[in-house]
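Report on the structure
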Amino acid sequence: MGLSVAEIFDHINRFANQEVILKEEGPDPSISITAYEFSSVMRYLKEVREMDFDTLMSQTAVHIDDTLVMYWHLFSYSHRHKVVIECALPFDDLSIDSVTTLWKSADWLERETFDLFGVDFKGHPDLRRLLLPEDWVGYPLRKDYQTPMLYGGMDNTPSEISQSFKPPKKER
Amino acid sequence: MTADLKTSYMTINMGPQHPSTHGVIRFILKTNGEIIYHCEPDIGYLHRSIEKIAESVTWQGFVPYTDRVDYVCSMNANWAYCLAVEKMMGIEIPERAEYIRVIVGELNRISSHLIAIGTADMDMGAVTPFVHCLREREYINDLLERVCGARLTYNYMTIGGVANDLPADFIQKTVEFLNHFEFAMEQINRLVTYNRIFINRFASLGVITPEQAINYNLVGPNLRGSGVNYDLRKDEPYSIYSKLDFDIPVGTGSEGILGDCYDRYIVRAKEIKESVKLIRQCLNQLPSGEIQAKVKNVIKPPQGHIYVRTETPRGDTGYFLYSNNKTSPYRLKIRTGSFTAMSIIPEISQGLFIADLVALIGSLDVVAPEVDR
């Protein structure tokens, strides 16, 4: 078996100049790094032999208060170990380096995150909407997203019947 | 005169209602004659914003939505989600429920692989094997209908176990089916899998190297077809798979080049046999007892996030859950096998014939609702 998360954290901590935090509470431990050093840490994880994270399983984001916390789930087929990299982005600067040069699977995963959260991946070869139509306004998975009342000339306001509907009270 | 003639790539639209794209997917092809120069998949036609819906329903209330993520193997989709929530909350489920889960999950894996094999044959113009595959799948649908009342979207597994116990004669009926099915599968294999015409059509086509497969994060039979021996049931065992005896078929390039369409196809055909083996073992060892762990009606998983992968027929399905200790998920992401399988098509399809693109899609076993979610 490969390295544990604590050992991977030690490696990253020795490599990085800026603050690296190991978040152990919760079901999955994760390693939080800064956006400034993100690109070099990811390259380190991919290319150093002890790490050799050869695949990017998942990339996603969570909107928490006024930050967007990004998650990368990496896995290594050669060492059979995995790690979760976390990076918090403030909403006034939603941009981070793309990792498409390291993992090809990042291409569509980053396009999806751009589509649904509006994160600008610097250096992505083809950053367009993936799931939603090209003319869609807004980023639906943000918590402050308002469902548009008009789309493409179609009225989307809830009908009177659905507004007046109240679920029946549960009798006990 | 001839000097004025200009040639350029021809753009062809394929889909979204094309019968061989396995659902509503559109491809924009730039072709040079019959050869594909560039292929761009256009997805999102089946986007139902399941991830957004998850944020407004309860944890248990999301189980029926997982059926709709991948309706060809919804039992396994249920399982993937329930296992993620159980791991997050630290719920231990009763042993009988684990066995029932493996039985119905593997039955569903057989029916999903039958669809994969059948449609791959049909895309190549062989309609007869498709009918044979669907006939066998009907028996599985009948069995699962007796278990949970539904034929396609089962909603059978719950957080903490399964919804109801197996019917009284289920074991007998399943053994009868397996006895019949092993013979029928042999016939299907003789008809098409080991048929020289079919092999010549599929071998050495759409080759995905192991490095490409890992870099694009292909999973499941597509990954194993490229010769990478990795199956979550064996390598990161969940449920009771560590107690069971089964093999992992891996592509060898026996008929052409390692990682070609035929390798991905044969891995599925062989996996069906392994599933039969698994079901027989589980039916023999099936213990009696509870089928549902004691779980509260309103559950609030602890603060934090988790990423759980399970081996569904289309590779590992990863559920990312973020809980803030409320009654509904704060964020839920589904990473499916078909999503990455779609993303590799532009690279692999370069230089193929248009008819071969159909073979490539068929061998990757892409299911459209799973791509879009």
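Bear in mind the structure is a predicted one, so any value in this text is a computation, not a measurement.

**A closer look at a negative patch on the surface**
Residues and elements named next belong to chain A. Together, Asp-65, Asp-66, Asp-92, Asp-93 and Asp-120 give the surface a local cluster of negative charge. Positionally, Asp-66 belongs in the loop between strand E3 (55-64) and strand E4 (67-76). Looking at Asp-66, the relative accessible area reads 58%, which means it is exposed.

**Details of the pattern of salt bridges**
Residue and element names in this part refer to chain B. Evaluated as defined, the whole model comprises 41 salt bridges over all chains. With a closest N to O distance of 2.8 Å, Arg-314 and Asp-365 form a salt bridge. Of this pair, Arg-314 sits in the loop between strand E6 (304-312) and strand E7 (315-323) while Asp-365 is found in the loop between helix H14 (354-364) and helix H15 (368-372), placing the two residues 51 residues apart along the sequence. As a salt-bridge pair, Asp-316 and Arg-335 come within 3.0 Å of each other at their nearest N and O atoms. With Asp-316 in strand E7 and Arg-335 in strand E8 (residues 331-335), this pair connects stretches of sequence that are 19 residues apart. Assessed through its relative accessible area of 3%, Asp-316 is described here as buried.

**Points about the packing of helix H6 (residues 170-193) of chain B against helix H11 (residues 261-285) of chain B**
All names here are of chain B. Viewed as axis vectors pointing N to C, H6 and H11 meet at an angle of 160°, and their least axial separation amounts to 11 Å. Our classification of the angle between H6 and H11 gives roughly antiparallel. Here H6 runs over H11; the crossing is left-handed. Facing H6, whose interface residues are Ile-171, Thr-174, Val-175, Leu-178, Asn-179, Phe-181, Glu-182, Met-185, Asn-189, Val-192 and Thr-193, H11 presents Tyr-262, Tyr-265, Ile-266, Ala-269, Ile-272, Lys-273, Val-276, Ile-279, Arg-280 and Leu-283.

**Notes on the interface of chain A and chain B**
Listed as interface residues are 41 residues of chain A and, on the opposing side, 39 residues of chain B. Considering only the surface of chain A that becomes buried against chain B, Tyr-77, Trp-108 and Leu-131 of chain A emerge as the three largest contributors, covering 21% of it. Where chain A packs against chain B, one counts seven salt bridges. Measuring nitrogen to oxygen at the nearest pair gives 2.9 Å for the salt bridge that ties Arg-80 of chain A to Asp-235 of chain B.

**A short note on the sheet that holds E6 of chain B**
Residue and element names in this part refer to chain B. One open sheet accounts for three strands, arranged E6-E7-E8; its pairing is antiparallel. Two strands lie at the open edges of the sheet, namely E6 and E8, each paired on one side alone. Shown here is a sheet whose adjacent strand axes are inclined to one another by a mean of 15°, direction ignored.

**Brief notes about the packing of aromatic side chains**
All names here are of chain B. Under the counting rule described, the total for this entry stands at 24 aromatic pairs over all chains. Judged by centre distance (3.9 Å) and plane angle (5°), the rings of Tyr-9 and Tyr-37 are stacked. Taken as a pair, Tyr-9 in the segment before strand E1 (10-14) and Tyr-37 in strand E3 (residues 35-42) lie far apart in primary sequence, 28 residues in all. By relative accessible area, Tyr-9 is classed as partly exposed at 41%.

**Concerning a nonpolar patch on the surface**
Residue and element names in this part refer to chain B. A surface patch of nonpolar side chains, about 240 Å² in accessible area, is lined by Met-122, Val-127 and Val-131. With respect to the helices and strands, Met-122 occurs in helix H4 (residues 95-123). Taking relative accessible area as the criterion, Met-122 reaches 31% and is therefore assigned partly exposed.

Here is what the cut-offs are and how they apply
- Residues numbered from 1 in each chain as written.
- Chains lettered and ligands numbered in written order.
- Predicted model: local features only at pLDDT ≥ 70, side-chain atom pairs only at ≥ 80, totals over all residues.
- Heavy atoms only, no water.
- Patch = residues over 30% accessible without salt bridge, like charges linked within 9 Å, V, L, I, M, F, W, Y side chains within 5 Å.
- Areas by Shrake-Rupley, 256 points an atom, 1.4 Å probe, with all protein chains shown as cover.
- Salt bridge = Lys/Arg side-chain N within 4 Å of Asp/Glu carboxyl O.
- Lys, Arg positive; Asp, Glu negative; His and termini not counted.
- Charge placed at Lys NZ, Arg CZ, Asp CG, Glu CD.
- Helix = DSSP H or I, 4+ residues; strand = E, 2+ residues; numbered from the N terminus.
- Buried < 20%, exposed > 50% of the residue type's maximum accessible area, 1.4 Å probe, protein only.
- Axes fitted to C-alpha atoms, helices over the stretch in contact; angles between N-to-C directions.
- Parallel < 35°, antiparallel > 145°, perpendicular 65-115°, else oblique.
- Left-handed = near helix turned anticlockwise from the far one by under 90°.
- Contact = heavy atoms within 4.5 Å.
- Buried area = accessible area lost by both parts, 1.4 Å probe.
- Pairing = 2+ DSSP bridges.
- Phe/Tyr/Trp six-rings, centres within 6.5 Å; stacked < 30°, edge-to-face > 60°.

In short, the description is geometric, and any link to function would need to be established separately.
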